[in-house]
Amino acid sequence: MRIDVVTLFPDFMRQCAAVGVVGRAQQRELLQVETWNPRDFATDNYRTVDGRTCGGGPGMVMLIEPLRAALKAVREAAPEPVHVIYLSPQGARLTQDRVVSLAKMPRIALLCGRYEGVDERLLAHEVDEELSIGDYVLSGGELGAAVVIDAVGRLQDGALNDAQSAQQDSFSDGLLDCPHYTKPVHDALGDVPAVLLSGDHAAIRRWRLKQSLGRTWLRRPDLLARRNLDAESAVLLEEFRRDYLR
Ligand SMILES: NC(=O)c1ccc(N[C@@H]2CC[C@@H](O)C2)nc1
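Keep in mind that what you see is a predicted model, and the values were worked out from it rather than measured. (Residues numbered from 1 in each chain as written. Predicted model: local features only at pLDDT ≥ 70, side-chain atom pairs only at ≥ 80, totals over all residues. Heavy atoms only, no water.)

As for the site of the ligand
Then comes step 1: Neighbouring residues of the ligand: 17 residues in total, closest Tyr86, Ile133, Gly134, Tyr136 and Leu138.
Then comes step 2: Measuring from a nitrogen atom of the ligand, one finds a backbone N or O atom of Tyr136 at 3.1 Å.
Then comes step 3: With the chains in place, 96% of the 390 Å² that the ligand exposes on its own is no longer accessible.
Then comes step 4: The pocket occupied by the ligand, as judged from atoms lying within 2 Å of grid points, is the second largest pocket.
Then comes step 5: Sorting elements by how many residues they give to the shell around the ligand places strand β5 (residues 83-93) first, with 4 residues.
Then comes step 6: Broken down by class, the residue content of the shell around the ligand amounts to 8 nonpolar, 8 polar and 1 charged. (Near = heavy atom within 4 Å. Polar contact = N/O pair within 3.5 Å; in protein donor to acceptor, adjacent residues only side chain to side chain. Areas by Shrake-Rupley, 256 points an atom, 1.4 Å probe, with all protein chains shown as cover. 1 Å grid on protein atoms, 1.4 Å probe; cavity = no way out; pocket = protein on both sides within 12 Å on 5 of 7 lines; lining within 4 Å. Sits in = over half its atoms within 2 Å of the grid points. Helix = DSSP H or I, 4+ residues; strand = E, 2+ residues; numbered from the N terminus. Nonpolar A, V, L, I, M, F, W, Y, C, P; charged D, E, K, R; others polar.)

The following block contains the structure:
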């Protein structure tokens, strides 16, 4: 998968994509992240990328031309069609379901705004989708782009090793993660739950699913409401509830 990022801070974006699982995915050529700086497409001597806000008011707006030229270069850089995403609080909230669908695309481009934002005409004509990583305002779209790159990059086939992908697949579809433990088995803070030391992998799987269901019930009941539980999950959740309310 190829991800092109249009950003005034290309070094920052390249560093975000160079570490950890995503960096390894790039090394394994499972993912390619390229950056494009609108300043390189500005036509004046001062490499201007912003203009005063029409109608008055504080701050500047990103100019159409440098962004249009940058996106043209993005499209021409590879043959596959590009799905262009703009990060902003006005976008649809990013969810894991959307991440899974984006991860299947051959190419996406992430347009990162700064200042007060981007001229609406550029958005109307060049952007396919607006996405928000949450209901808060950031100084730029880059952190949103970094979130998309990480969430999508780690899902590329071969990016996660077996243990990670097994954990990822087990109950992550719509449930909160279960608790995790490592050595020491006994600590002043408490002991590792015995089932995890039992070697009984069926019991361990059930325990983890029960914990995921219980945590989701306690912390994010909205996620649970959306999910149809299979028979095993319904029983385990009932057990968790009974234990909890005892
Ligand atoms: N919640 C979010 O995903 C988000 C995205 C972008 C952003 N800020 C940029 C700066 C100017 C405009 O391009 C939008 N803030 C919040």
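Quick notes on the nonpolar core
Where a protein is soluble and globular, its nonpolar side chains tend to be buried together.
Then comes step 1: Core analysis: the biggest nonpolar cluster contains 26 residues, and Ile3, Val5, Ile108, Leu110, Ile149 and Val152 have the highest contact counts within it.
Then comes step 2: Counting only elements with at least two residues in this core, the list comes to β1 (2-6), α2 (20-27), β5, α4 (96-102), β6 (107-111) and α6 (142-153).
Then comes step 3: Every residue in contact with Ile149, bar those within four places of it in the chain, is listed here: Ile3, Val5, Met13, Ala17, Val22, Val33 and Leu110.
Then comes step 4: Counting residues in each nonpolar core, the second largest holds 20 residues, with Val49, Met62, Ala73 and Val127 among its members. (Core = buried A, V, L, I, M, F, W, Y, C linked by side-chain atoms within 4.5 Å. Buried < 20%, exposed > 50% of the residue type's maximum accessible area, 1.4 Å probe, protein only. Contact = heavy atoms within 4.5 Å.)

Some remarks on the pattern of salt bridges
Then comes step 1: Throughout the structure, instances matching the rule amount to 18 salt bridges.
Then comes step 2: Of the charged contacts in the structure, one is a salt bridge between Lys72 and Glu76, with a shortest N-O distance of 2.8 Å. Separated by 4 residues within a single helix, Lys72 and Glu76 lie in helix α3 (residues 64-76), roughly one turn from each other.
Then comes step 3: Residues Lys210 and Glu239 are paired through a salt bridge, measuring 3.2 Å at the closest nitrogen-oxygen approach. Of this pair, Lys210 sits in helix α8 (residues 201-219) while Glu239 sits in helix α10 (residues 231-245), and the two are 29 residues apart along the sequence.
Then comes step 4: One network of salt bridges, in which partners are shared, links Lys210, Glu239, Asp243 and Arg246. (Salt bridge = Lys/Arg side-chain N within 4 Å of Asp/Glu carboxyl O.)

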